[in-house]
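# Architecture at a glance
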Amino acid sequence: METARCGRCGQRLVSRDAKSMSRVWAWWTAGLMAYIPANLYPMLVTRTLFGTQDNTIVGGAVDLALHGAWAVAFVILFASVAIPIGKFAAIGYLALAVQRGWRGPALRRMQLYELVEFIGRWSMIDVFVVAILASLVQLSVVAQINPGPAALAFALSVIFTMLAARSFDSRQIWDSVAALDARDDSMRADTVAAARQRIEGAPVPAGAPETRPAAE
């Protein structure tokens, strides 16, 4: 505390990372760019004796739902669509709130950041399912399941969003709220001082009786 350099290695100590927001937006943009082809290209390529079938994330979930596997379809849609979009929205909101000084409870924003950190590890469930199916279902010419080009794009999108969350300096949430509170206190103090000055320096209206101190 209150030291300029580390007592062990002698390096200069920095309380806040001034370039963290640049890295957050860089990883966030890269993740969003990778997430678009992850939903447009096929995630799973199934080859059988009757032909080849390509399935995107949403298309595969719809096929599962049509075959009665509603629970599996819901898990895939939730883990591969809802969670990534929610992570993009949450990270973007936190970064904008810090940069633009939006008002709001710092505790709720910190809890939102911790939630994004927690669910980040579960975003790869779709890629894990594809990898398991590709390794198990290899029946020579009868049937083959291979990952499509969307698998790599989706994995990169998840990695980039995790890096964006890790690059975010959560202490800036409290710094932005403290700066707003300090500005509000300063504005209130200036308002009170201006009002007091107006009251003390106000001219006496014409015709008003002159007040004198009472005689002892």
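Just so it is clear, the structure is predicted and the values come from calculations on it, not from any experiment.

Quick look at the overall build of the protein chain now. Across its full length, the protein chain holds 7 helices and 3 strands. Out of the 216 residues belonging to the protein chain, those deemed buried represent 32%. Expressed as a percentage of contacts within the protein chain between residues at least 6 apart in sequence, the contacts between residues at least 24 apart total 71%.

A word on the nonpolar core. Met43, Ile91, Phe154, Phe168 and Ile173 are the most contacted members of the largest nonpolar core, which totals 34 residues. Sequence-distant contacts of Phe168, defined by excluding residues within four places in its chain, comprise Met21, Val24, Leu94, Ala95, Val98, Tyr113 and Ile173.

The next point concerns the environment of Asp63. Its place among the elements puts Asp63 in helix 2 (residues 57-66). Judged by its relative accessible area of 26%, Asp63 is partly exposed. Residues Asp63 and Ala73 lie 10 residues apart in sequence; the distance between their C-alpha atoms is 8.2 Å. Those residues in contact with Asp63 that sit more than four places away from it in its chain are Gln53 and Asn55.

For the rest of this paragraph, the subject is the pattern of salt bridges. Counted by the stated rule, this structure contains 2 salt bridges. For Glu117, the salt bridge is made with Arg166, and the minimal N-O distance between the two is 3.1 Å. Taken together, the residues span a long stretch of sequence, with Glu117 in helix 4 (residues 106-119) and Arg166 in helix 6 (residues 149-167) at a distance of 49 residues. Exposure remark for Arg166: the relative accessible area of 62% places this residue in the exposed category. In this structure, the salt-bridge partner of Arg171 is Asp169, at a minimum N-O distance of 3.1 Å.

It is worth spelling out the confidence of the model for the protein chain at this point. Chain-level pLDDT for the protein chain is 78 on average; 78% of the residues reach the 70-or-more range. Averaged pLDDT values over the elements of the protein chain bottom out at 68 in helix 5 (residues 125-136) and peak at 91 in helix 1 (residues 20-40).

Here we come to the side chain of Ser157. By the element assignment, Ser157 lies in helix 6. At 3.0 Å, the side chain of Ser157 and the backbone oxygen of Gly31 are in polar contact. Residues within four places of Ser157 in sequence aside, it is in contact with Gly31, Ala34, Tyr35 and Phe88.

Our next topic: the packing of helix 1 against helix 3 (residues 70-100). Where helix 1 meets helix 3, the axes come as close as 11 Å, and the angle between the chain directions of the two elements is 155°. Considered as vectors, helix 1 and helix 3 are oriented roughly antiparallel to each other. Between helix 1 and helix 3 lies a crossing whose hand is left-handed. Between helix 1 and helix 3, the residues in contact are Met21, Val24, Trp25, Trp28, Gly31, Leu32 and Tyr35 and Ser80, Val81, Pro84, Ile85, Phe88, Ile91, Gly92, Ala95, Leu96, Val98 and Gln99, respectively. In the contact of helix 1 with helix 3, the residues fall into 14 nonpolar, 4 polar and no charged.

About the criteria used
- Residues numbered from 1 in each chain as written.
- Predicted model: local features only at pLDDT ≥ 70, side-chain atom pairs only at ≥ 80, totals over all residues.
- Heavy atoms only, no water.
- Helix = DSSP H or I, 4+ residues; strand = E, 2+ residues; numbered from the N terminus.
- Buried < 20%, exposed > 50% of the residue type's maximum accessible area, 1.4 Å probe, protein only.
- Contact = heavy atoms within 4.5 Å.
- Core = buried A, V, L, I, M, F, W, Y, C linked by side-chain atoms within 4.5 Å.
- Salt bridge = Lys/Arg side-chain N within 4 Å of Asp/Glu carboxyl O.
- pLDDT = per-residue confidence, 0-100.
- Polar contact = N/O pair within 3.5 Å; in protein donor to acceptor, adjacent residues only side chain to side chain.
- Axes fitted to C-alpha atoms, helices over the stretch in contact; angles between N-to-C directions.
- Parallel < 35°, antiparallel > 145°, perpendicular 65-115°, else oblique.
- Left-handed = near helix turned anticlockwise from the far one by under 90°.
- Nonpolar A, V, L, I, M, F, W, Y, C, P; charged D, E, K, R; others polar.

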